[in-house]
Amino acid sequence: MSRRGKNRSAFSLFVFQDIIMSVTGIMILITLILSLEMMERQEMSPRERTSEIISQLKNAVGEVEDLEKQFNAGKSQLEDLTRFSPTRLQTQINELTELTEVMQKENTSIAQDQMETEVERNKAVEQQDQIRAEQNKTEEIQRQVQDLKERLEKMKQENRVIFNPAEGTSKTPWLVELTANKISVAEMGKSQVPSQFSNVSQFKDWLAGRNPATQYFVLLIKPDGIEQFHSLLPHLKEKNYDVGFDLLSANQKAIDPQTGAGSGLE
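Just so it is clear, the model here is predicted, and its values are computed rather than measured. (Residues numbered from 1 in each chain as written. Predicted model: local features only at pLDDT ≥ 70, side-chain atom pairs only at ≥ 80, totals over all residues. Heavy atoms only, no water.)

Caption draft 1: Molecular detail of the overall build of the chain. Helix and strand content of the chain: six helices and five strands. Residues counted as buried form 17% of the 266 residues belonging to the chain. Contacts spanning at least 24 positions in sequence make up 72% of the contacts within the chain whose residues lie at least 6 apart. For the chain, the exposed surface amounts to about 21100 Å²; the carbon and sulfur share of it is 55%. (Helix = DSSP H or I, 4+ residues; strand = E, 2+ residues; numbered from the N terminus. Buried < 20%, exposed > 50% of the residue type's maximum accessible area, 1.4 Å probe, protein only. Contact = heavy atoms within 4.5 Å. Areas by Shrake-Rupley, 256 points an atom, 1.4 Å probe, with all protein chains shown as cover.)

Here is the structure:
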């Protein structure tokens, strides 16, 4: 019995003390935290609080005024809408529809007028072109007339005689101008340099290439070309050529050295 009693452990408060110390530390820590929180939450002074309240009131008053304006605007729009009855709205719609149709007709009429104006403008342009073309033709004719006048005046100054082909025949006429020392030959009505011979023999050689069935001759005798005429006429008759003749004065000529027996008016 005594041995068993000696071996039992003694009772200890060490664990309890640890618990007490831990709880006490936690309480102290919580107290400090609460103290700091309360210090941060100290109320502001009455003056600052009053200023803050006044500012909040002003903001609230401003918001109320804005809401009142919005309300009044909505109310005004609502009153505007309530003033229009369905019948009046339908009437206005009909009036606008009629006005639209009138405007469309006017637009169509204006477009048609524009098209007609464009057509008239094109016609005017064409007429101007025609008038311009006629003016050009008139100017060309005037130039030709002036040129003919100048040629006629030149022929008058040169004292030149113009002969026309005989009617009723298809033969080609040739003019033969006779002087004492020269024989000039040119096709009637054709502008070209004439053939010229110094004697009858040369003319006869040239005549060998002609055809009496298609050609005839008109002898034009100047006063000093009588002997040439008497030499040529029998020879032409012998070759069966049709022959005509006419007299020229000493200062007249029928064959031009440059244009031959042409009139100069071709």
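Caption draft 2: Geometry of helix α6 (residues 226-238). Compared with an ideal rise of 1.5 Å per residue, which puts 13 residues at 18 Å, α6 spans 19 Å between its outermost C-alpha atoms and is within 8% of the ideal. Buried within α6 we find Gln228, Phe229, Leu232, His235 and Leu236. On its buried side, α6 packs onto β1 (172-178), β2 (183-187), α5 (200-207), β4 (215-221) and β5 (242-247). In the segment just after α6, Asn240 is the residue with positive phi, at about 65°. (Expected span 1.5 Å × (residues − 1).)

Caption draft 3: Quick peek at the sheet that holds β1. Spatial ordering of the open sheet is given by β3-β2-β1-β4-β5, a layout of five strands whose pairing is mixed. Each of the sheet's edge strands pairs with one partner strand only, and the pair in question is β3 (195-197) and β5. Each strand of the sheet is rotated relative to its neighbour by a mean of 20°, with strand direction disregarded. Two strands pair when backbone bridges link them, and β1 and β4 are joined in this way by seven bridges, in the parallel orientation. Within β4, the position partnered with Leu175 by the bridge is Val218. (Pairing = 2+ DSSP bridges. Axes fitted to C-alpha atoms, helices over the stretch in contact; angles between N-to-C directions.)

Caption draft 4: Examining α5 more closely. Listed as buried for α5 are Val200, Phe203, Trp206 and Leu207. Each buried residue of α5 sits inside an arc of 115° when the element is viewed along its axis, so together they form one side. Contacts made by the buried residues of α5 are with β1, β2, β3, β4 and α6. Two to three positions downstream of the cap, the backbone nitrogen of Ser201 sits 3.2 Å from a side-chain oxygen, assigning the N-cap of α5 to Asn199. (Arc of directions from axis to C-beta. Polar contact = N/O pair within 3.5 Å; in protein donor to acceptor, adjacent residues only side chain to side chain.)

Caption draft 5: Region of interest: a negative patch on the surface. Side chains of Glu63, Glu65, Asp66 and Glu68 sit close together on the surface and give a patch of like negative charge. The residue Glu65 is located in helix α3 (residues 46-83) in this model. (Patch = residues over 30% accessible without salt bridge, like charges linked within 9 Å, V, L, I, M, F, W, Y side chains within 5 Å. Salt bridge = Lys/Arg side-chain N within 4 Å of Asp/Glu carboxyl O. Lys, Arg positive; Asp, Glu negative; His and termini not counted. Charge placed at Lys NZ, Arg CZ, Asp CG, Glu CD.)

Caption draft 6: Geometry of a nonpolar patch on the surface. Judged by side-chain polarity, Ile19, Val23, Ile26, Met27, Ile30 and Leu34 come together as a nonpolar surface patch covering roughly 560 Å² of accessible area. You can see Ile30 is positioned in helix α2 (residues 14-40).

Caption draft 7: Seen up close, the pairing of β5. Summarising the sheet, β4 and β5 pair through six bridges and their orientation is parallel. Opposite Phe217, over in β5, you have Val243 as the bridge partner.

Caption draft 8: Broad picture of the packing of α5 against α6. Interaxial distance between α5 and α6 falls to 11 Å at its minimum, and their mutual angle equals 25°. Classed by the angle they form, the pair α5 and α6 counts as roughly parallel. Crossing hand, α5 versus α6: right-handed. Touching Val200, Phe203, Lys204 and Leu207 of α5 are Gln228, Ser231, Leu232, His235 and Leu236, all from α6. (Parallel < 35°, antiparallel > 145°, perpendicular 65-115°, else oblique. Left-handed = near helix turned anticlockwise from the far one by under 90°.)

Caption draft 9: Quick peek at the side chain of Gln215. Locating Gln215 in the fold gives a position in strand β4. A residue is classified by how much of its surface remains accessible, and Gln215, at 12% relative accessible area, is buried. With residues near it in sequence (within four places) discarded, Gln215 still touches Lys171, Thr172, Trp174, Arg210 and Tyr241.

Caption draft 10: Up close: the pattern of salt bridges. One pass over the full model with this rule turns up seven salt bridges. The residue Arg121 makes a salt bridge to Glu118 at a minimum N-O spacing of 2.8 Å. Placement of the pair is Arg121 and Glu118 together in helix α4 (residues 86-158), with a separation of three residues, close to one helical turn. Judged by relative accessible area, Glu118 falls into the partly exposed class, the value being 36%.

Caption draft 11: Structural detail: the pairing of β4. The buried count for β4 comes to seven of seven residues, which makes it a mostly enclosed element. Side chains Gln215, Phe217, Leu219 and Ile221 of β4 all project onto a buried face; the interleaved residues Tyr216, Val218 and Leu220 project onto the opposite face, where all are buried too. In terms of handedness, the path from β4 via α6 over to β5 forms a crossover that is right-handed. (Right-handed = clockwise from strand over helix to strand, strands pointing away.)

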